[in-house]
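A look at the structure
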Amino acid sequence: MDAMRRLLLTALLVLAAAIDGARGDAMVTGTVFCDQCKDGQRSFFDYPIYGIKVTVVCANSDGHVTMSREETTSWFGNYAMRFDGTPDLSTCHAQVTGGSDQGSVGCSASAGPAQSLRLMFRMFDMEFYSVDSLLSQPAQPMSFCPRPPAPVTPALPSPVAVPSPTAVPSPTAVPSPPAFKLPPMPPLPPAFKLPPMPPLPPAPFVEASACPHEKWMMPEYRCYWRAVNPDTKVALVFGLMVARRYGTDLTLWQGLQGRGDLYRTLLRESTAALLNSYNSIQFPYHTLGVIQQMNGALMGSKQNVLRTALRFRRANSGYGTTTCRFTPCK
């Protein structure tokens with residue numbers, strides 16, 4: 001019991017020291033969807049879009065821009081921006097401003113409406129804002145989108161002859177109005193087509209494979225990066241605890257180059273383990289397990305950081321029995 005109390009007290013002291021030394025930041029996150037039908041709202045046909053530029057603009061009461069920041073969406077359509085300090089972003093809005101050369105094509109001709117930033121919560125001098133889904137639209141709606149029915153003008157009944165005042169009116173049969181016709185039904189859309197997927201690497205996903213961080217940095221194996229790319233932010237993949245330790249600007253490619261420091265070694269091996277978990281279903285750690293182990297190590301002692309880094313390094317080397325099944329990309 002005494003040993004457990006000492007361990008708990010040590011963890012609380014480490015956490016308090018990390019909180020006391022952290023600086024305040026404001027994070028803004030959101031997602032951009034391709035509005036294939038150009039109806040201005042999320043629907044069944046829309047999907048997250050990669051490579052779209054998003055700008056957050058803040059203006060004062062006179063309408064003058066006081067602050068702005070631009071970011072590009074990831075493979076999942078997500079974006080994350082960091083503002084130093086804790087500025088008031090309640091009057092800011094986010095909007096789609098275009099597509100990049102490496103991003104998705106065919107769905108960046110126009111942008112949907114801008115969305116305001118919403119404060120989700122504050123914690124340890126950090127503020128977290130979210131943005132409702134932004135829309136990027138193609139030049140024309142897709143052929144499979146439903147079309148609104150054409151308006152139907154009801155036929156007016158034929159006029160009835162009015163007798164003169166001097167003549168004796170004769171009984172006149174009033175014609176009944178024509179029967180109401182329902183508007184034609186819109187044609188059924190063709191079979192739904194999924195957006196094109198990026199090319200798969202040559203190695204099958206079910207084969208056992210484990211590759212060290214040096215292999216992931218070689219340009220001839222670039223096609224094996226799945227779900228994430230070298231420019232994806234470390235904070236976006238691993239979460240809040242990693243963002244507080246390494247910042248929000250560090251990329252996965254930079255994380256693979258870490259050495260000479262205990263925490264950078266942990267980030268290097270964790271990044272390699274994350275990529276291996278995406279690449280092979282037989283890797284000892286699944287993707288969520290890598291993220292949980294990484295955050296758990298940062299919440300513990302330096303010995304825990306070292307143990308976690310060594311576990312990931314042994315798994316990335318295949319424990320001496322599993323090899324790296326990379327072949328040069330075509």
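What counts and what doesn't
- Residues numbered from 1 in each chain as written.
- Predicted model: local features only at pLDDT ≥ 70, side-chain atom pairs only at ≥ 80, totals over all residues.
- Heavy atoms only, no water.
- Axes fitted to C-alpha atoms, helices over the stretch in contact; angles between N-to-C directions.
- Helix = DSSP H or I, 4+ residues; strand = E, 2+ residues; numbered from the N terminus.
- Left-handed = near helix turned anticlockwise from the far one by under 90°.
- Contact = heavy atoms within 4.5 Å.
- Nonpolar A, V, L, I, M, F, W, Y, C, P; charged D, E, K, R; others polar.
- Core = buried A, V, L, I, M, F, W, Y, C linked by side-chain atoms within 4.5 Å.
- Buried < 20%, exposed > 50% of the residue type's maximum accessible area, 1.4 Å probe, protein only.
- Phe/Tyr/Trp six-rings, centres within 6.5 Å; stacked < 30°, edge-to-face > 60°.
- Lys NZ or Arg CZ within 6 Å of the ring centre and 35° of its normal.
- Patch = residues over 30% accessible without salt bridge, like charges linked within 9 Å, V, L, I, M, F, W, Y side chains within 5 Å.
- Areas by Shrake-Rupley, 256 points an atom, 1.4 Å probe, with all protein chains shown as cover.
- Salt bridge = Lys/Arg side-chain N within 4 Å of Asp/Glu carboxyl O.

For the rest of this paragraph, the subject is the packing of helix H6 (residues 262-279) against helix H8 (residues 302-316). Across the interface, H6 lies against H8 with an axial gap of 9 Å and an inter-helix angle of 35°. Our pair here, H6 against H8, has a crossing hand that is left-handed. Residues Leu 262, Tyr 263, Thr 265, Leu 266, Arg 268, Glu 269, Ser 270, Ala 272, Ala 273 and Asn 276 of H6 form the contact with H8, whose own contacting residues are Lys 302, Val 305, Leu 306, Thr 308, Ala 309, Phe 312, Arg 313 and Asn 316. When the residues that make up the contact of H6 with H8 are grouped by side-chain class, the tally is nine nonpolar, five polar and four charged.

In this section: the nonpolar core. Of all hydrophobic cores here, the largest spans 34 residues; its most connected members are Trp 216, Phe 238, Tyr 246, Leu 266 and Met 294. Looking at this core, the elements with two or more residues in it are helix H3 (234-238), helix H4 (240-246), H6, helix H7 (287-298) and H8. The biggest single contributor to this core is H6, with seven residues. Those residues within four positions of Leu 266 in sequence are excluded, and the remaining contacts are Tyr 246, Met 294, Ala 297, Leu 298, Val 305, Thr 308 and Ala 309. Within the second largest apolar cluster, 22 residues are counted, among which are Val 32, Ile 52, Met 81 and Cys 107.

Before going further, it helps to examine the packing of aromatic side chains. Enumeration over the complete set of coordinates arrives at eight aromatic pairs. Here Trp 216 and Phe 326 contribute two aromatic rings whose centre-to-centre distance is 5.0 Å and whose plane-to-plane angle is 85°, an arrangement assigned as edge-to-face. Highlighted residues: Trp 216 in helix H2 (residues 213-216) and Phe 326 in the segment after H8, separated in sequence by 110 residues. Looking at Trp 216, the relative accessible area reads 0%, which means it is buried. Residue classification places Phe 326 among the buried positions, given a relative accessible area of 10%. Ring centres of Tyr 221 and Tyr 224 lie 6.5 Å apart, and the angle between their planes is 75°; this geometry places the pair in the edge-to-face category. Site record: aromatic cluster; members linked through ring pairs are Trp 216, Tyr 221, Tyr 224, Trp 225, Trp 253 and Phe 326. A cation sits over an aromatic face here: Arg 42 above Phe 33, 3.7 Å from the ring centre.

Let's shift gears to a nonpolar patch on the surface. A contiguous nonpolar surface patch, about 340 Å² in accessible area, is contributed by Met 120, Phe 121, Met 123 and Leu 240. Ranked by the residues each element gives to the nonpolar patch, the list is headed by strand E8 (residues 115-123), at three residues. Its place among the elements puts Met 120 in strand E8.

In short, geometric facts, not functional conclusions.
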